[in-house]
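Report on the structure
Letter by letter, the chains look like this.
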Amino acid sequence: MGLSFEMRELGIGNLDPAKGNMTQLMRTLGPSNLRIGGNTLDRDTLWIPAGQTPPDPKPAWVEDIVTPADLKRLRALLDATGWKTEVGVNVGRWDPARAADQVRAMDRILGKRLVAVECGNEPDQWAGKALRPAGFDYPQYHADWSACADVVGHDRIAGPDTAGTSSSWAASLAADEHDRMAMLTVHQYASGPDITIDRMLAPGQIAAQLNSVAGNLAAATANGLPMRVDEANSAYSGGVDGVSNKYASALWVIDYGLSMAQAGMAGVNIHGGLGVCNDPIWNGKFQRYTPICASSKAYELAQHYRVMPIYYGIWMARQMGPGRFLPVTLNTNNNISAYAVRGDDGRTRIALVQKDAAPVEVTLTVGGRDRAASVLAMTGTALDQETTAVQGATVDASGHFRPVPSKARVAGGTLTLTVAAGSAVVVTL
Ligand code: BDP
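Here we summarise the structure given alongside this text. (Residues numbered from 1 in each chain as written. Predicted model: local features only at pLDDT ≥ 70, side-chain atom pairs only at ≥ 80, totals over all residues. Heavy atoms only, no water.)

Let us now look at the packing of aromatic side chains. Counted by the stated rule, this structure contains 12 aromatic pairs. Summarising the aromatic geometry, the rings of Phe136 and Trp169 are spaced 6.1 Å apart at their centres and angled 70° between planes, so their arrangement reads as edge-to-face. Pair noted here: Phe136 is in the loop between β6 (114–119) and α6 (138–152) and Trp169 is in helix α7 (residues 169–177), with a separation of 33 residues, a long-range link. Using a relative accessible area of 12% as the deciding quantity, one classes Phe136 as buried. Note on Tyr189 and Tyr289: the rings are 5.8 Å apart at their centroids and 40° apart in plane angle, and the pair reads as tilted. Taken as a pair, Tyr189 in strand β8 (residues 181–191) and Tyr289 in the loop between β10 (267–271) and β11 (292–293) lie far apart in primary sequence, 100 residues in all. Side by side, Tyr189 and Tyr289 carry an identical accessibility label, which is buried. An aromatic cluster of at least three residues, connected via ring pairs, comprises Trp126, Phe136, Tyr138, Tyr141 and Trp169. (Phe/Tyr/Trp six-rings, centres within 6.5 Å; stacked < 30°, edge-to-face > 60°. Helix = DSSP H or I, 4+ residues; strand = E, 2+ residues; numbered from the N terminus. Buried < 20%, exposed > 50% of the residue type's maximum accessible area, 1.4 Å probe, protein only.)

Looking now at the state of the cysteines. A full pass over the atoms with the stated rule returns two disulfides. What pairs with Cys119 in a disulfide is Cys148, and their sulfur atoms sit 2.0 Å apart. On the sign convention where negative means left-handed, the S-S torsion of about -75° between Cys119 and Cys148 marks this disulfide as left-handed. Of this pair, Cys119 sits in strand β6 while Cys148 sits in helix α6; the two residues are 29 residues apart in sequence, bridging distant segments of the chain. (Disulfide = S-S within 2.5 Å.)

In the vicinity of the ligand, 15 residues are found, and the nearest of them are Glu6, Glu122, Ser237, Gly238 and Tyr289. At 2.4 Å, a side-chain N or O of Glu122 approaches an oxygen atom of the ligand. Glu231 is positioned such that a nitrogen or oxygen atom in its side chain is 2.8 Å from an oxygen atom of the ligand. Compared with its free state, where it exposes 320 Å², the ligand has 94% of that area covered by protein. Among the residues making up the shell around the ligand, the classes are represented as four nonpolar, seven polar and four charged. (Near = heavy atom within 4 Å. Polar contact = N/O pair within 3.5 Å; in protein donor to acceptor, adjacent residues only side chain to side chain. Areas by Shrake-Rupley, 256 points an atom, 1.4 Å probe, with all protein chains shown as cover. Nonpolar A, V, L, I, M, F, W, Y, C, P; charged D, E, K, R; others polar.)

For the rest of this paragraph, the subject is α7. When α7 is considered as a whole, its buried residues turn out to be Trp169, Ala170, Leu173, Ala174 and Glu177. One face of α7 carries all of its buried residues, which in axial projection span an arc of 135°. Among the structural elements, α6, β7 (157–162), β8 and α9 (205–222) are those in contact with the buried residues of α7. (Arc of directions from axis to C-beta. Contact = heavy atoms within 4.5 Å.)

Relative placement of two packed helices is described by the angle separating their axes and the distance separating the axes. Axis separation between α6 and α7 bottoms out at 11 Å; the angle between their running directions is 50°. Taken as axis vectors, α6 and α7 run oblique relative to one another. Between α6 and α7 the crossing geometry is right-handed. Residues Tyr138, Tyr141, His142, Trp145 and Ser146 of α6 pack against Trp169, Ser172, Leu173, Asp176 and Glu177 of α7. In terms of residue class, the contact of α6 with α7 is made up of five nonpolar, three polar and two charged. (Axes fitted to C-alpha atoms, helices over the stretch in contact; angles between N-to-C directions. Parallel < 35°, antiparallel > 145°, perpendicular 65-115°, else oblique. Left-handed = near helix turned anticlockwise from the far one by under 90°.)

Okay, structure coming up:
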């Protein structure tokens, strides 16, 4: 599970390892994938090559300028955290010379930390955003993608980054262009702005999301491509106040990330924006779903952030890996889900996500000799409140996080735990 940010974050000087606590917040999650794209990529970002200045006057659509200096700052952040990146090229407003220069600069500056170049964001919405004429469909998109791929000139392209999972563009692109692609990517939001906590945590929610990407994932697999949901969150249009920015979102994201991983997805990137929490961030838009944001304008300028509940959920899900999923049999009438992973370190880890209003006693039948186990429990004061903690610990102002696991014991092949109402645990055997 990685993170996703707008292209504008590069343009406005964010993601700077020399400032604030972003470096530590990424280290706390552990090495992952940072995707940079989003609506601002095609809508308003102009690449300016080294030694050049922006045209004067700038085209009316330009709001953000990205230069090689921005990539250097990003490279320093990636080196400081061990993360890799996927970065977009503006195809919505296509300029082949600028694109070619940007990709050369990315190869040179980001080097091995660049996992993939994304050719445009959500092309299936370009017609609706007046970036293409009405009737713009896969054949026209494929021509645009090919022009971008020719410029990119290597086999590290991600796409199609469709807004939805239901169109056939991803499957078509995988079939037509798998040789030039590094991975298949689509976006997925759990819901639109009508989401509620009840619906986000309803028993069928994750299954519906899995079902909705299944066709794309099958197309990726059939064409030998890894697949990422490289932009995901609880609700599009910036998320919903009282849902996307509350503790319930942390429970949802554990389930979402682990289910996607179990289904064979290479990864998911949770989208956000680095402005003031609960204020509009860009273009009057809120980013209620953001995992990381600032308490005030002064903190925003200092790039000194705090974390939202969903950050804890991402952290919890990440404690399960790396490894391979094991089969789990669940006997319950409760709204609880369970995952098991045989870690690369030889340990078995079990995650439980408990979405009911009452605590539940869970017996894990794990077999084997009597042995010690450790437990990390994520809890919140209420599903519709912000306060979230793991083992009572919270991420500190510098971005460090050191929850101390509690001890448990496997005896006679079983381990019994009381799992609090609306909580999640990761048990390590
Ligand atoms: C996607 C965009 C992203 C938006 C997000 C949203 O790529 O830039 O912020 O939706 O609607 O369509 O919240």
